[in-house]
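This is what each chain is made of:
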Amino acid sequence: MVKSKLLLSCTLLLVFSFLNINSTKAQMVGPDSYIQGTSVEIGVEGLGGFEGINTTTSPPPAGYHGRSGGAALFGFVANPQLNSWLGSAYDGDFFTPGSPENGWGFQIGATTGTSTSFGNNCAGLQQINGAITGWSHNFNCYNSAWEGDFTSGTDLHFKIDYFLQQTDLYYTTTVSITNNTAATIPDMYYYRNVDPDNNESIGASFTTTNTIVSEPGAGCDLAHVKAEQSTPWANYLGFAATGANWRVDYGGFSNRGAADMWTGTGYTQTIGSVNTADEAISIAYRIQNLAPGATETFKFVVILDDASATAAINNLLYLTYPGSLTAPPSVCTPWQDTIRTCGGPVPIAISGPIVADFNWTWSPTTGLTPPIGPVVSANPATTTTYTVTGTPIVPCVSPVTLTFVVMVTPGGGVNPVISPVAPVCVTTPPFNFTADTLGGTWTGTGITSGTAGTFDPSVSGAGTFLITYTTLNTCNSTDTAYITVSGSDPTITPHPPVCQGSAPYTLTAASPGGTWSGTGITSASLGTFDPTTAGAFTLTYSLSAGACSASDTVIVIVNPTTPPVTGISYTPTPVCTSAANPVLATVAGFTSGGTFSVTPAGLALNTVSGAVNLSASAAGTYTITYSYAATGCGPAGSSTTNLTITPLTVPTLGFTYPTVCSDDSIDTPVLSAGFTTGGTFTAPAGVSINDSTGVIDLANTTPGTYTITYAVIGSSVVCTASGSNTATVTINPLPTILLSLPPTIFVGQSALIYASGGTTYSWTSTQYLSTPSNDSTIASPPVTTDYCVAVTDLGCTDTNCVKVTVEVPCPSNRTMGVPNAFTPNGDGINDQLCLDGWGDCISKFEIIIYNRW
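Small disclaimer: the values here were computed from a predicted structure and weren't measured. (Residues numbered from 1 in each chain as written. Predicted model: local features only at pLDDT ≥ 70, side-chain atom pairs only at ≥ 80, totals over all residues. Heavy atoms only, no water.)

J.: If you had to explain the packing of aromatic side chains to someone new, which residues and values would you point to?
T.: Inspection of the entire model under this criterion finds 39 aromatic pairs. Geometrically, the ring pair formed by F239 and F300 is edge-to-face, given 6.1 Å between the ring centres and 85° between the ring planes. In this pair, F239 sits in strand 16 (residues 235-242) while F300 sits in strand 20 (residues 295-303), placing the two residues 61 residues apart along the sequence. In this structure F239 comes out as buried when scored by relative accessible area, which is 1%. Put simply, the rings of W104, F106, F118, W146, F150, F158, Y190, F239, W246, Y285, F298 and F300 pair up and form one aromatic cluster. (Phe/Tyr/Trp six-rings, centres within 6.5 Å; stacked < 30°, edge-to-face > 60°. Helix = DSSP H or I, 4+ residues; strand = E, 2+ residues; numbered from the N terminus. Buried < 20%, exposed > 50% of the residue type's maximum accessible area, 1.4 Å probe, protein only.)

The following block contains the structure:
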């Protein structure tokens, strides 16, 4: 905050300010901007609005001290030793050369993972595009402004101002979010996160010691988290902000769920908790009921030296008076604490969320009414420098001193007169103040339009408030009036998350006397809440004041204290290298968010989900461990299980069939060594085959050539693969033998016998044969003889026979008697017909009998 004591005229002040704008200490390089103070240097990335310029495309100007290692990012560096950056013993960049987790984002609604959670980050996340819209150097204050819009599913405008006082070891970030939609946004969250490790590039580690210093609602509305390292020298990084809507935490790394950060879901928020690890720190802000066209402005500080933390936090307090800003200053304004008056009373107030955490005293008291408290009316006769001192009444803040000048310009005009307004209720609709002159500016608690003088009782709450109207004459001419808002203020003081089973505590609200309700409330009048059950509970505080009745709600978080459920198993086990990835089976109530690890190496294990990539894993037995770190309310836990991966056995399927003849009985396959049994033989139609043994029944099989298939089905139980193979079997038919029929011959004659139907021939009776091994043979038997031939074709043999009849010719002088009658009546006389003398020369004859004569 600027503590200007200038006693210059307005004209000289403005001229001097103008001459200092756009100093070389704040510089644009391409789309990015750099800011250089005495001991702090900042680089703001133009597209995303976060600290972390890519120096390969936008190199820093000469004289900067970036130390980004291989990451080539310039975020923010500090020289807390105040030794003019001598040597290498200075801090930064804080989020490199480790993974550059450094960014900001927002979330609409409290459901993490929804499509309304977006952000920008040095790690490559770029979802809200914007640009640097201004940078300047006014006196000893440096400022870079960034603006961007997000219009996918909503319509939000973001403005982020970074400003640094020349010699400070902290800088301030002011954020303004405007709702450009046509509907009220009931619940929205902003976050800022960073990986705070610093000195890794010069021999230290990635780990930091992180501490939750303070959270709003525990005595004062201060949010403060810090990260520290001691090697190779002490260094410090902190986030701090004031107000009931802020939360800080540590834990995780890529912390980009704004609602979870604010509620502490998965992160640590317990005041005083300390952890040393490679983890991120973050700060989150909650906005409720952001009306169409409305803008919410808030600011926080990035602290780069432990000794500067108090000054940085006190910088979040500021003065308000006629002509001052009505929200936290978002830019450097060196004359903001020089207050001008035409000679009338000027209301001056200390503003900021932690004003009530101090007792305020003013010095000198000349011209002040009253001399104590956060709000006074100043009416000195001459220009006077005042000092206001805040003495802490709670332990989380430190003493603070603010200095301002009341510049008196007599004769500058007549102060305006405000028309009085009767008391109203908190539920009264907004209305406009009026005065006897036009064109002035209205300020004060509850004023929502400085031009129209609109006052909203729901914004101010119950109480009596000072309203100021200022017109511009030679100086600021003002009038003040008080307005009383009847009805009590039900605003509930937020309470930080507690652990399940912790002691009951009493909730408080702005006005007493109301009624509390909701799960866990054990005293409706006192607001006692008993955190016996874990969960998020909506509690209501109701005030009854006739027409001014009102209520407020708050969500209280009770974190579970039960140990995490970490039982894990893999089904089925063992598994084969070719099987699908096994599904992780967990016991009921399994607590997610831990880490999987495995010994020995060789298993492709997803350390977050526990899934195993079998195609990338070696066979073997592995021990898998699931570890869950301790949380703020629960102890750590772990469990182990074994997973056996068996290599897949490929079946041996080689087999052949010998060629056989159709008169064989069976054809049995010849199996290769180690043949895999248990499969099935199949054959085409016409083949009778045993599907288990592959034996072919030849008696019921048609000769021919066939393809036989053998197939086995793999088993995940014994880790065998499926497979099949084929073999050809040939069943040859017996040859078809054709024999010529030789004529009857007489003794001494020869007969040609011819066989066909084969490739080789063998006559079984070789006597009196000329060529017994041919098909072209000649038989010359002396008597009637049977001749058989074995014919072979395609390796198959069959036999057929033929008879050669040999007759003896009758002598020419032989007398033969032929009877002319016989009586075949069975009386033994002439019953047979005989040819006398023919028995040795005639072997057959034919007799034709025409009648009985």
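J.: I'd love a proper account of the pattern of salt bridges, names of residues and values included.
T.: It is possible for side chains bearing opposite charge to pair when their charged atoms get close. One pass over the structure, following the stated rule, counts six salt bridges. Residue D161 pairs with K159 through a salt bridge whose shortest N-O separation is 2.6 Å. The class of D161 is buried, set by a relative accessible area of 1%. Of the charged contacts in the structure, one is a salt bridge between E228 and K226, with a shortest N-O distance of 3.8 Å. Since its relative accessible area comes to 26%, E228 is described here as partly exposed. On the basis of relative accessible area, K226 is assigned to the buried category, the value being 17%. (Salt bridge = Lys/Arg side-chain N within 4 Å of Asp/Glu carboxyl O.)

J.: Explain the side chain of H157 to me, and be specific about the residues and the numbers.
T.: Relative to the assigned elements, H157 resides in strand 11 (residues 156-165). Here the side chain of H157 touches G148 through a polar contact of 3.5 Å, landing on its backbone oxygen. Of note is the side chain of H157, whose polar atom sits 2.9 Å from the side chain of D149. (Polar contact = N/O pair within 3.5 Å; in protein donor to acceptor, adjacent residues only side chain to side chain.)

J.: So, the sheet that holds strand 40 (residues 528-529): which residues are in play, and what are the values?
T.: Reading across from one edge, 37-40-39 is the order of the three strands in this open sheet, with antiparallel pairing throughout. Each having just a single partner strand, strand 37 (505-506) and strand 39 (521-523) make up the two edges of the open sheet. As defined by bridge partners, strand 37 adjoins strand 40 across two bridges and the pair is classed as antiparallel. In the sheet register, Y505 faces strand 40, and the bridge partner there is F529. (Pairing = 2+ DSSP bridges.)

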